[in-house]
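Descriptive structure summary
The lines below spell out each chain.
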Amino acid sequence: MSQPLQQLLAIMARLRDPQNGCPWDKEQTYQTIVPYTLEEAYEVADAIAREDYAELKDELGDLLFQVVFYAQIAKEEGRFDFDDCAAAINDKLIRRHPHVFADMNLASSKAVLQNWEAIKTTERTASGKTSVLDNIPLAMPALSRAYKLQKRCAQVGFDWPDVQGAWDKVQEEIQEVAELPAGAAELEEELGDLMFALVNVVRKQGFDPEKVMRQANQKFERRFRQVEQALIQQGSSPAQSTLDQMELLWLEVKRQEKQS
């Protein structure tokens, strides 16, 4: 084990020391750390999206600290420690890469992913989990979980044969939503069905819906900030402007982006 990693584990143990540790760190549990873990994972993704690799180094360190934190709590409870976590992922990576660590021949990324999923299915069955949908975390972002549910079902043939079937389902769901009056009790459910169907289209087109939505968010934010700046230059602000005024600036921002 490297010296910096040994030091990190020692720091974590000191922070949790019952007598001389940090009061806040000593109070934490698996459950209370989860929000920080999710936040750190998103900050890693954000640094990558912005291609800020200096910040990425720091964010990956923060994320590693989360792993060390969980492992320290588990060690205190006599469940496992950091070395056990490392050993578990080592075993898993070797087991799921027989084309690298054994004599299986897999010539393409597609074949590798298919074999990976087949191994995972075998592992789920061996552990007593029989449903195709087992082990898909409830805490995943909703778009990502919808994507994962659909992918799992597609592996056993429960899927549209092509993207047109998925598009037809979206049109069907749009019609069902459009026919509902405002405030209808089932409107929320039908909107959920529509979003789920649209995730299917995104998946069938070969994209990750979480990534697609994240890019759309970034584009909207970038354009609206430019609208704000244009209004400031005019001595105004969004709160002082009409929708028509902001829409004209929005269209201008879009036009300039396309030209560039």
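Owing to the predicted nature of the structure, the values given are computational and were not obtained by experimental measurement. (Residues numbered from 1 in each chain as written. Predicted model: local features only at pLDDT ≥ 70, side-chain atom pairs only at ≥ 80, totals over all residues. Heavy atoms only, no water.)

1. What to know about the domain arrangement of the chain
As assigned here, the chain comprises domain 1 (3-97), domain 2 (131-207) and domain 3 (211-259). Centre-to-centre separation of domain 1 and domain 2, based on C-alpha positions: 34 Å. (Domains from an automatic or database assignment.)

2. A word on the packing of helix α1 (residues 3-15) against helix α4 (residues 53-76)
Where α1 meets α4, the closest approach of the two axes is 10 Å, and the angle between their N-to-C directions is 55 degrees. By the angle between their directions, the pair α1 and α4 is classed as oblique. Seen along the crossing, α1 lies across α4 with a hand that is right-handed. In this structure, α1 contributes L5, L8, L9, M12, A13 and L15 to the contact, and α4 contributes L64, F65, V68, F69 and Q72. Tallied by class, residues from the contact of α1 with α4 come to ten nonpolar, one polar and no charged. (Axes fitted to C-alpha atoms, helices over the stretch in contact; angles between N-to-C directions. Helix = DSSP H or I, 4+ residues; strand = E, 2+ residues; numbered from the N terminus. Parallel < 35°, antiparallel > 145°, perpendicular 65-115°, else oblique. Left-handed = near helix turned anticlockwise from the far one by under 90°. Contact = heavy atoms within 4.5 Å. Nonpolar A, V, L, I, M, F, W, Y, C, P; charged D, E, K, R; others polar.)

3. Description of the UniProt feature "domain: NTP pyrophosphohydrolase MazG-like" (unreviewed entry) in the chain
Following the UniProt record, one finds the feature "domain: NTP pyrophosphohydrolase MazG-like" (unreviewed entry) at residues 28-101 and 170-226. As annotated, residues 28-101 has a helix share of 84% and a strand share of 0%, and its two end C-alpha atoms lie 39 Å apart. Here residues 170-226 runs as 79% helix and 0% strand, with 33 Å between its end C-alpha atoms. (UniProt positions renumbered as here; feature names shortened; annotations may be inferred.)

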